[in-house]
Amino acid sequence: MLGLPGLRTTRPGTDAQRRLADAYGRVAADLRLSLTDRCNLRCTYCMPAEGLDWMARDELLDDDEIVRLVRIGAERLGITTVRLTGGEPLLRKGLEGLVARLAALDPAPVLALTTNGIGLASRAQGLKDAGLDRINVSLDTLDPETFATLTRRRRHADVLAGVRAARAAGLDPVKINAVLMRGVNDHEAPSMLRWALEEGVQLRFIEQMPLDAQHGWRRTEMVTAAETLARLRTEFSLVVDPAHAAARGSAPAELFRVVGTDQTVGVIASVTQPFCGSCDRVRLTADGQIRTCLFAREESDLRVLLRGGADDATIADAWVTAVAGKQPGHGIDDPSFLQPDRPMSAIGG
């Protein structure tokens, strides 16, 4: 991996806080926690139509193991935010109970969830009551037919109902994650923003990343953040949100204020303008592997420690060691870049 400008090389911290620090001065405080690799959609940019070979049930961390790892992270390692992901996390049996257990930890992390919205309509209030703080819903189109083309499922109305239910439950701000595909839905950017303004949700466009199981991603076919902004500006006046720009920190989205409103639209330029230098994330897969980056080629096994009787200190030490070896950047523009073996559904977004 190539180094990134502005990264300061330091030795990982060894103080009593046991921060999850790497060799480039970054400290991980945001845990992306995958609950399952299973999904009820078959998005073309994620997996083949026939799906994938799912993990065996005994390979997955159970609720007790998840709660223990999050407790270690919050108590000993400075984890302050936990985002539950998948696959599709709503497919995890007993999700509301798990959320309640995580919310009861002391210190309790901020709890967020990323979902495709299928089934959310009947569960949003229960998740809020259990202690969920925030939610992101993936939605790439407003056209039911395009949705069916992209996801290979006819569940568009269910997703829209889930978005409305999340707002009604008070999971604000409801964020909508959209990926534009050239020649498929890229023309919808302005109409999606108009819908988001009307619905009172925060729309964020994300550049497509090389995380598909088919390894079919091509940089030349990706709709860039610059192209997305150009399309939006054909119908909207956008200005950089000064308050967000001053306090952006590790936030992946660059926010733009829609002139004439008090709302914003975000653009996440993961490929063309990577934010690796301020990354504060660490990932835990559904089978208990620590990953320091979406594009990491190596993992560190915490499940074997959990099931082998390791104490909290030993697990914390292994976690610290894993993050200390984090690479400076994802290296997508490096000629030596190799797409990770695991697809997004098995890594957890």
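Scope of this entry: the structure provided in the associated data block. (Residues numbered from 1 in each chain as written. Predicted model: local features only at pLDDT ≥ 70, side-chain atom pairs only at ≥ 80, totals over all residues. Heavy atoms only, no water.)

**Section: the overall build of the chain**
Turning to step 1, where the next piece is worked out: The number of helices and strands found in the chain is 11 helices and 14 strands.
Turning to step 2, where the next piece is worked out: Counting all 349 residues of the chain, 54% fall into the buried class.
Turning to step 3, where the next piece is worked out: In the chain, once contacts between residues fewer than 6 apart in sequence are set aside, the share between residues at least 24 apart is 72%.
Turning to step 4, where the next piece is worked out: When the accessible surface of the chain is summed, it comes to about 14,900 Å², and 50% of that surface belongs to carbon and sulfur atoms. (Helix = DSSP H or I, 4+ residues; strand = E, 2+ residues; numbered from the N terminus. Buried < 20%, exposed > 50% of the residue type's maximum accessible area, 1.4 Å probe, protein only. Contact = heavy atoms within 4.5 Å. Areas by Shrake-Rupley, 256 points an atom, 1.4 Å probe, with all protein chains shown as cover.)

**Details of the sheet that holds strand β5 (residues 110-115)**
Turning to step 1, where the next piece is worked out: Spatial ordering of the open sheet is given by β9-β10-β11-β8-β7-β6-β5-β4-β3-β12-β13-β14, a layout of 12 strands whose pairing is mixed. Looking at the sheet topology across the chains shown, the edges are occupied by β9 (238-240) and β14 (300-301).
Turning to step 2, where the next piece is worked out: Here β9 runs beside strand β10 (residues 254-258); their pairing, made up of three bridges, is antiparallel. Note on β10: the bridge partner recorded for Leu 238 is Val 258.
Turning to step 3, where the next piece is worked out: Packing against the sheet, helix α2 (residues 95-103) makes contact with β4 (81-85) and β5, and its axis sits at approximately 155 degrees to β5.
Turning to step 4, where the next piece is worked out: Along the sheet, helix α6 (residues 189-199) contacts β7 (175-178), β8 (202-206), β9, β10 and β11 (264-268); its crossing angle with β8, the most-contacted strand, is approximately 155 degrees. (Pairing = 2+ DSSP bridges. Axes fitted to C-alpha atoms, helices over the stretch in contact; angles between N-to-C directions.)

**Quick notes on the layout of surface pockets**
Turning to step 1, where the next piece is worked out: Roughly 310 Å³ of volume is contained in the second largest pocket.
Turning to step 2, where the next piece is worked out: Every residue lining the second largest pocket is counted, 13 residues in all, and those nearest its centre are Leu 35, Arg 57, Leu 60, Arg 92 and Lys 93.
Turning to step 3, where the next piece is worked out: Across the lining of the second largest pocket, the residue classes break down as six nonpolar, one polar and six charged. (1 Å grid on protein atoms, 1.4 Å probe; cavity = no way out; pocket = protein on both sides within 12 Å on 5 of 7 lines; lining within 4 Å. Points joined across faces, edges and corners; volume = space filled by probe spheres on them. Nonpolar A, V, L, I, M, F, W, Y, C, P; charged D, E, K, R; others polar.)

**Quick word on empty space enclosed by the protein**
Turning to step 1, where the next piece is worked out: Following the criterion strictly, the structure yields two cavities of 30 Å³ or more and no others.
Turning to step 2, where the next piece is worked out: As a volume, the largest cavity reaches approximately 60 Å³.
Turning to step 3, where the next piece is worked out: Residue lining of the largest cavity: Ala 178, Leu 180, Phe 205, Ile 206, Glu 207, Val 223, Ala 225, Thr 228, Val 267 and Ile 268, and that is the complete set.
Turning to step 4, where the next piece is worked out: Secondary-structure elements contributing two or more residues to the lining of the largest cavity are β8, α7 (225-232) and β11.
Turning to step 5, where the next piece is worked out: Grouping the amino acids of the lining of the largest cavity by side-chain chemistry returns eight nonpolar, one polar and one charged.
Turning to step 6, where the next piece is worked out: One number sums up the size of the second largest cavity: a volume of about 40 Å³.
Turning to step 7, where the next piece is worked out: Around the second largest cavity, the lining residues are Leu 20, Ala 21, Asp 22, Arg 26, Val 27, Ala 28, Cys 279, Asp 280, Arg 281, Val 323 and Lys 326.

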